[in-house]
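So the chains spell out like this:
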Amino acid sequence: MKNCFIILAAGKSERFKSTIPKPYFPFKGKPLYLHSIEKAIKSKKFSKVVLVVNKNHRKYINKSFLQDVSIINGGANRSESSSIAVKYIKKKKFKNVFIHDAARPNFSISLLN
């Protein structure tokens, strides 16, 4: 199992009308990003999960849920954040890399399969 799941949560959430940035907004009792992490781990398809965050939003992350997740700072836009994440995992030589947007947690595990 040499797959990596990268979750992009580094946006500024400028259009989202809330004091809490969108990836960290509660949905069904937990932050949006956590739904994606849980599904990735539950699928047992990934040997590595990476959460890419905005350095100014780290205060919203509950690290107690994320023992097996690497948290890295993203860039100024989605493209830059994706590039930073891929460079971060490059030495691991994963067979497949999945990149997902933290603000869209409603995917199924069967979709990952």
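Everything below is about the structure printed above this text.
Residues numbered from 1 in each chain as written. Predicted model: local features only at pLDDT ≥ 70, side-chain atom pairs only at ≥ 80, totals over all residues. Heavy atoms only, no water.

Visitor: Even after reading the chapter, I still don't get the side chain of Ser-70, so can you show me in this structure?
Guide: Considering the arrangement of structural elements, one finds Ser-70 in strand β5 (residues 69-73). According to the relative accessible area criterion, Ser-70 is buried, its value standing at 11%. In this structure the side chain of Ser-70 is engaged in a polar contact, spanning 2.4 Å, whose partner is the side chain of Lys-48. (Helix = DSSP H or I, 4+ residues; strand = E, 2+ residues; numbered from the N terminus. Buried < 20%, exposed > 50% of the residue type's maximum accessible area, 1.4 Å probe, protein only. Polar contact = N/O pair within 3.5 Å; in protein donor to acceptor, adjacent residues only side chain to side chain.)

Visitor: For this particular structure, what's the right way to read unusual backbone geometry?
Guide: Its identity as a non-glycine residue notwithstanding, Lys-28 has a phi of 55 degrees, on the positive side. You can see Lys-28 is positioned in the loop between β2 (26-27) and β3 (30-31). Notably, Lys-93 is not glycine yet its phi reads approximately 55 degrees, a positive angle. Position of Lys-93 among the secondary structure elements: in the loop between α2 (78-89) and β6 (96-101).

Visitor: For this particular structure, what's the right way to read the sheet that holds β5?
Guide: Hydrogen bonding along the main chain pairs the strands of a sheet, whether they run parallel or antiparallel. What the four strands build is an open sheet, ordered β5-β4-β1-β6; its pairing is parallel. Sheet topology places β5 and β6 at the edges, where each strand pairs with a single neighbour. Averaged over all pairs of adjacent strands, the angle between their axes in this sheet comes to 20 degrees, without regard to strand direction. The pairing of strand β4 (residues 48-53) with β5 spans five bridges and is parallel. Each bridged residue has a counterpart across the sheet, and for Val-49 the counterpart in β5 is Val-69. The strands touched by α2 are β1 (3-9), β4, β5 and β6; relative to β1, the strand with the most contacts, the crossing angle is about 145 degrees. (Pairing = 2+ DSSP bridges. Axes fitted to C-alpha atoms, helices over the stretch in contact; angles between N-to-C directions. Contact = heavy atoms within 4.5 Å.)

Visitor: Just to check I follow, could you spell out the nonpolar core for this structure?
Guide: Considering soluble globular proteins, one finds that nonpolar side chains tend to be buried as a cluster. Grouped together as the largest cluster of nonpolar side chains are 17 residues, with contacts concentrated most on Phe-5, Ile-7, Tyr-33, Ile-37, Val-49 and Leu-51. Only β1, α1 (32-43) and β4 provide two or more residues apiece to this core. Here the element with the most residues in this core is α1; it accounts for four residues. Setting aside anything within four residues of it in sequence, one finds Phe-5 in contact with Ser-36, Ala-40, Phe-46, Lys-48, Val-49, Val-50, Phe-98, His-100, Phe-107 and Leu-112. Counting ten residues, the second largest nonpolar core, distinct from the first, contains Cys-4, Ala-10, Val-52 and Ile-72. (Core = buried A, V, L, I, M, F, W, Y, C linked by side-chain atoms within 4.5 Å.)

Visitor: Even after reading the chapter, I still don't get the pattern of salt bridges, so can you show me in this structure?
Guide: When the charged atoms of two side chains with opposite charge come close together, those side chains can pair. Taken as a whole and judged by the stated rule, the model has three salt bridges. Here Asp-101 and Arg-78 are joined by a salt bridge, their closest N and O atoms 3.9 Å apart. With Asp-101 in strand β6 and Arg-78 in helix α2, the pair connects residues that are 23 residues apart, well separated along the chain. When the shortest N-O distance is used, the salt bridge between Asp-101 and Arg-104 registers 2.7 Å. The network of salt bridges with common partners includes Arg-78, Asp-101 and Arg-104. (Salt bridge = Lys/Arg side-chain N within 4 Å of Asp/Glu carboxyl O.)

Keep in mind these numbers describe shape, not what the thing actually does.
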